[in-house]
Amino acid sequence: MSERLDVKKTYKLVVNGAFPRSESGRSYEVVSANGRFLANVAQASRKDLRDAVVAARAGQSKWWAATAYNRGQVLYRWAEMAESRRTELVEQVQLCEGLKKKDAQLVVARSIDRIVWYAGWTDKVTQVLGGANPVAGPYFNFSLPAPSGVIGVVAPQDSSLEGFVDAVAAPICVGNAVVALASESRPTPAVILAEMTATSDFPGGVLNVLTGVTGELAPHLATHEDIDGLDLSGSDELADELARLGAGSIKRVYRPRPHDEENPLRRLRTFVETSTVWHTIGQ
Amino acid sequence: MTEHALTSELGALGYDPAPEAASIARLQSSYGLFLDGQFTAATSHEQFASINPATEETLATVALASASDVDTAVASARRAYVKVWSKTTGAERAKYLYRIARLIQERSRELAVVETLDNGKPIRETRDVDIPLAAAHFFYYAGWADKLEHAGFGAAPQPVGVAGQIIPWNFPLLMAAWKLAPALAAGNTCVLKPAETTPLSALILAEIFQQAGLPDGVVNIITGDGTTGAALVDHPGVDKIAFTGSTEVGRLIQERVAGTGKRLTLELGGKGANIVFEDAPIDEVIEGIIDGIFFNQGHVCCAGSRLLVQESVADEVLRRLLRRVDQLRVGDPMDKNTDVGAINSAAQLERIVELSAWGEKEGATRYTGSCELPEKGYWFAPTVFADVAQSHRIARDEIFGPVLSVLTFRTPEEAVAKANNSKYGLACGVWSEKGSRTLWVAQRLRAGVIWANTYNKFDPTSPFGGVRESGFGREGGRHGLEAYLNV
Amino acid sequence: MRLVDARDRGVLVPAVISVPSIRNEDELRRYVGALSGVDAVGVESRVAKLGTRSLKKSTKLRAIDLAISMVDLTTLEGADTRGRVSSLCTKAMYPDPHDASVPAAAAVCVYPDLVAHARRVLGESPVAVASVATAFPSGRASLAVKLLDVKEAVEAGADEIDMVIDRGAFLAGRWGQVFDEIVAVKHACGSAHLKVILETGELVTYDNVKRASWIAMLAGADFIKTSTGKVGVNATLPVALVMLEAARDFAELTGQLVGVKVAGGIRTTKDALKYLVVVNETAGATWLRPEYFRFGASSLLNDLLMQRRKQRTGAYVRPDEFSGD
């Protein structure tokens, strides 16, 4: 009996809860860690990026309008989806990162648990980062963290799933929407994970993923005025230049530092704005 | 005030019965104790009946745990703590709790029916309030299990060990969730004693623990009566006692625990003051007063059982309130259109009747809602006492039923003084459109919970608990972890 | 002491009628401005709870028929023609040609220049002719033009006039102007009854809806109506609740009964029944009749007919079973 031919997957962009090809029609070849052809992946253009930002802005207001409890449940459902499609993720991580199956499984397990960790933050951030302030006067004064808005993420180039999860789930769990540039050479795990947002009750536009050439797209991410913050984790030698470009609209910028694992809340804190309210107290 | 009314030829829209199906409950005829992950008979094999207070019919029998069963339960919890749970990472504990939350959501209709049958509260409330909040509590605390170092209790707070938890009959499943979720998230194991008249939803919860794969012994459930609870309180193998119930029993427990080294939190009674200023939004305040005292048949520790209304609007508020009370639908808890259900037990009904008689004796003016009460079961028509004075028993004693006492005040200061003039201090309501005044009053009220322009709102993120003889300790929020950590 | 019989739930008519004296804008401001505010969270949660009422069996059947009898079947399009209005009128008189037990709609609602035609088609039928007027829907024209609009509709045979208030004037605080215009229009109506459209979607807050309701009732409205149906946000349950409470309070104060009409966006039987529950449990039985409560709708009627058929036969009905008018 001849071997069954499998149906190959087409990897497209994830924008506004839908899966379009690049408006430029371009694609590029992605190869696995050992050089074998993996897929032709969409090569996003600056116009795709522009559309993604519009979608993110619209999606963000719906996302923030939901209760923290609801957002936590949606993130947890994302983890449920990832768990049930574990095998696919393991396979892609193995191929992209050249890992042994056992190690790829550990990476995927940690990534799913990480999403669960973020799911539990949505309704606790306010209690940890906010609070009432005892001002010296008859005022009720309280500080609350609100999301910055739309965050542009240059996802880590090497850590195709685990690093991607940290980079996008952190801003999302505090109420932001994200336009992420997936790892240029290892994009497929990010696309698969982003596809799952469509079956997790995320409003469209909360997570947008563009695959393509980082060097081409990142400067547009950095200069786009309707992006409020930048995560430059995957921009390597471009990072300084992008940080300078981001200054044009006073973006909040996150760059990796040594010992980041000791400060797991830093990303969350970078992409919230603290708003403080005073209210008089008197008869 | 004349009472002739204009009615349409069609009359008011009377609602046909809209009953939920009791068969959804799938109750077994008898239940054992939940020990070490299994249902087992009590050593004495003694069972007692749990009845439906709306019909007085037996729903099922449950086991009566004796001191030796309590011993087994505590030993099981200790074993599970030492061998399994204390070695389970926060991330793993979180995932068990998330599973439990999801299972409660999946089985929510069944749980709502069981709760209504066993407690007597309307299906609308169990469906829309009790069960969803129970799931939400597990969801919320699941998220703390792997974040304890961020909770403000130090870099690596540790659990206390084995928690003995005794819960009341007014929100059976929800109280179980309030106790178990933070305890488990923080790394403790538990022995839970449900109330004598409402054990069933906790036993369904035990089935859910099995479905979730919760390791054996992490939660043990011992049904029984006062003697069971006493045995649990006294057990030397328990590191912490959490109790929700009456102040009388709370006092006894505190006495017995004193000097034993056991941690203790108490959530006791209240006589909540619902304070209405003249600028309150008039129609919404009426709903708020109703919600404050007739929600859950008034079986709420934080009930707004005293209405303190500013004298300048007292007549108008009372007029509208009485009209609204008359619209309350009292009857079959399984009917989706019922607003007020049955009183939970004959004993509780007797207490309500007795205290209401005192109200009349002391000279307050009694108004009773005009509703037809069913023949079988335990029922009390919503009642309002006007012209109540601070020195009346019905202004000071917790009735724990659908009875409202109405008093007046003139100034914000007087409102605060009257509200605070109580040995209790659980919850209050403040109604005004002037924010600064609301905050001024809130600052001065001696209460653990203050609702502004609303009442009886609960959320797992919001700390709940009393001051003075309403107890100590908080449940809910980041603060709710404190009781279950060694900090 | 027993209270009002709960089965009755009618309005309590005061022994002493007390109509507030409103002689000038100042007095209007003081009276309306002193009304208690509305807590939005409280209103919305009350509505949500009322939305859980379950109407079954005979209650549901009665409610569906009641709702049908309360429909003002409406066509207010630039493209309206006599042909369109003829179909509408026929549908209003005989909603279900296969079932004579289906009640007729309360009224048809059209633009003033089609009133005469509607009157002709309806003949002696009890279905009333309601006409929008006063430069509907925007109301942005001079008072003289608006009054002429009303006059022509009344002369053409309109039984009811649906006017719009000047929202610009209301939002700019010129309550006296809003009041005076309503008085003038009421006068121009003659014997026709007047519905005052508040355009609640443009008033936005519940406090504004309450105030506008009182201004309209004090000025002599026979009905207060939520919307033109031509803006983004039309009738909502919380807005209806606020208006019904205002009508109830007004009746208890003055002895005058003002009806409430909800219009725009009410498409399903489920929606309509939710409104009836709100009427039932706020203003009460007195408003549960077409004289005091209306639905301004078009596609709602067919959904009511479909649900009515389904309740009787047990089977879900295909939309084509009823005329598309």
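The shown structure was predicted, so the numbers you read here are calculated from the model rather than taken from an experiment.

Rules behind the numbers
- Residues numbered from 1 in each chain as written.
- Chains lettered and ligands numbered in written order.
- Predicted model: local features only at pLDDT ≥ 70, side-chain atom pairs only at ≥ 80, totals over all residues.
- Helix = DSSP H or I, 4+ residues; strand = E, 2+ residues; numbered from the N terminus.
- Rg over C-alpha atoms; globule rule 2.2 N^0.38 Å.
- Buried ≥ 20, exposed ≤ 12 C-beta atoms within 10 Å, placed from the backbone.
- Contact = placed C-beta atoms within 7 Å.
- Axes fitted to C-alpha atoms, helices over the stretch in contact; angles between N-to-C directions.
- Parallel < 35°, antiparallel > 145°, perpendicular 65-115°, else oblique.
- Left-handed = near helix turned anticlockwise from the far one by under 90°.
- Nonpolar A, V, L, I, M, F, W, Y, C, P; charged D, E, K, R; others polar.
- Pairing = 2+ DSSP bridges.
- Expected span 1.5 Å × (residues − 1).
- Right-handed = clockwise from strand over helix to strand, strands pointing away.

Let's talk about the overall build of chain B
Okay, so step 1: Looking only at helices and strands, chain B has 14 helices and 19 strands in total.
Okay, so step 2: At 23 Å, chain B has a C-alpha radius of gyration in line with the 23 Å of a compact globule built from 487 residues.
Okay, so step 3: Principal axes of the C-alpha set define a box for chain B whose edges measure 75 × 45 × 35 Å.
Okay, so step 4: Within chain B, the fraction of its 487 residues that count as buried is 61%.
Okay, so step 5: The long-range share in chain B, meaning contacts at least 24 apart out of those at least 6 apart in sequence, stands at 72%.

Description of the packing of helix 10 (residues 206–218) of chain C against helix 11 (residues 237–254) of chain C
Residues and elements named next belong to chain C.
Okay, so step 1: It is at 9 Å that the axes of helix 10 and helix 11 come closest, and there the two elements cross at 40°. The orientation of helix 10 relative to helix 11 falls into the category oblique. Seen from above, helix 10 lies across helix 11 with right-handed handedness. Between helix 10 and helix 11, the residues in contact are Tyr 206, Val 209, Lys 210, Ser 213, Trp 214 and Met 217 and Pro 238, Val 239, Val 242, Met 243, Ala 246 and Phe 250, respectively.
Okay, so step 2: Residue classes in the contact of helix 10 with helix 11 are distributed as ten nonpolar, one polar and one charged.

Some thoughts on the arrangement of the chains
Okay, so step 1: In this assembly, two pairs of chains are in contact, and the pair with the greatest number of contacts comprises chains B and C.
Okay, so step 2: There is a clear gap between chain A and chain C: no contact, and 15 Å between their nearest C-alpha atoms.

Side note on the pairing of strand 7 (residues 162–166) of chain B
Residue and element names in this part refer to chain B.
Okay, so step 1: With five of five residues buried, strand 7 lies mostly within the body of the structure.
Okay, so step 2: Because side chains alternate across strand 7, one face comprises the buried residues Val 162, Gly 164 and Ile 166, and the other comprises Ala 163 and Gln 165, equally buried.
Okay, so step 3: Examined bridge by bridge, strand 7 and strand 8 (residues 189–193) share five bridges and lie parallel to one another. Looking across to strand 8, one finds that Gly 164 is bridged to Val 191.

So, the interface of chain A and chain B
A common way to state how big an interface is: give the accessible area lost once the parts meet.
Okay, so step 1: Between chain A and chain B, the contact holds 21 residues from the first and 23 residues from the second.
Okay, so step 2: Secondary structure elements with two or more residues in the side of chain A that touches chain B: helix 2 (68–84), helix 4 (101–119), helix 5 (125–129) and strand 10 (272–280) of chain A.
Okay, so step 3: Class assignment of the residues belonging to the side of chain A that touches chain B gives a composition of ten nonpolar, eight polar and three charged.

Brief notes about the sheet that holds strand 12 (residues 273–276) of chain B
Adjacent strands of a sheet form backbone hydrogen bonds with each other and so pair up, either parallel or antiparallel.
Residue and element names in this part refer to chain B.
Okay, so step 1: Within the open sheet, the seven strands sit side by side as 14-15-16-13-12-17-18. Their pairing is mixed. Because the sheet does not close on itself, it has two edges, and the strands there are strand 14 (365–368) and strand 18 (449–452). Strand-to-strand twist across the sheet, computed as the mean angle between neighbouring axes with direction ignored, equals 20°.
Okay, so step 2: Note: strand 12 against strand 13 (residues 306–310), four bridges, orientation parallel. Its bridge partner lying in strand 13, Val 276 is registered against Val 309.
Okay, so step 3: Relative to the sheet, helix 9 (residues 282–294) contacts strand 12, strand 13, strand 16 (403–409) and strand 17 (427–431), its axis offset from that of strand 17 by approximately 170°.

Focus: helix 3 (residues 108–119) of chain B
Residues and elements named next belong to chain B.
Okay, so step 1: The terminal C-alpha atoms of helix 3 lie 16 Å apart, and with twelve residues this matches the ideal 16 Å at 1.5 Å per residue to within 8%.
Okay, so step 2: If you check which residues of helix 3 are buried, you get Leu 111, Ala 112, Val 113, Val 114, Glu 115, Thr 116, Leu 117, Asp 118 and Asn 119.
Okay, so step 3: Structurally, helix 3 contributes buried residues whose contacts are with strand 5 (47–52), strand 6 (57–63), helix 2 (90–106), helix 4 (123–142), helix 5 (172–185) and helix 6 (200–212).
Okay, so step 4: Just past helix 3, the residue Gly 120 takes up positive phi, approximately 100°.

Quick notes on unusual backbone geometry
Okay, so step 1: Note that the residue after Phe 136 of chain C, namely Pro 137 of chain C, is joined by a cis bond; omega there is 0°.
Okay, so step 2: Mapped onto the elements, Pro 137 of chain C comes out in the loop between strand 4 (128–132) and helix 6 (143–155).
Okay, so step 3: In this structure, Asp 36 of chain B takes a positive phi of about 55° despite not being glycine.
Okay, so step 4: Judged by C-beta crowding, with 18 C-beta atoms within 10 Å, Asp 36 of chain B ranks as partly exposed.

Remarks on the sheet that holds strand 8 (residues 229–231) of chain A
All names here are of chain A.
Okay, so step 1: Taken in spatial order, the five strands of this open sheet run 7-6-5-8-9, and their pairing is parallel. Since the sheet does not close on itself, it has two edges, and those belong to strand 7 (207–210) and strand 9 (252–254), each with one partner. Strand-to-strand, the axes of this sheet are offset by a mean angle of 15°, without reference to chain direction.
Okay, so step 2: Sheet strands touched by helix 1 (residues 46–65): strand 5 (150–154), strand 6 (177–181) and strand 7. Its angle to strand 6, the strand with the most contacts, is close to 155°.

Regarding the pairing of strand 11 (residues 263–267) of chain B
All names here are of chain B.
Okay, so step 1: Taken across its five residues, strand 11 has five buried, putting it largely inside the fold.
Okay, so step 2: Here strand 11 shows a buried face lined by Arg 263, Thr 265 and Glu 267 and a second buried face lined by Leu 264 and Leu 266.
Okay, so step 3: Of the strand pairs in this sheet, strand 10 (residues 240–244) and strand 11 are connected by five bridges, and their pairing is parallel. Across the sheet, Phe 243 pairs through a bridge with Leu 266, a residue of strand 11.
Okay, so step 4: Remark: the strand 10/helix 8 (residues 247–257)/strand 11 crossover connection has right-handed handedness.
Okay, so step 5: Both strand 11 and strand 19 (residues 471–472) contribute to a ladder of two bridges, which runs antiparallel. Bridged to Glu 267 within strand 19 is Gly 471.

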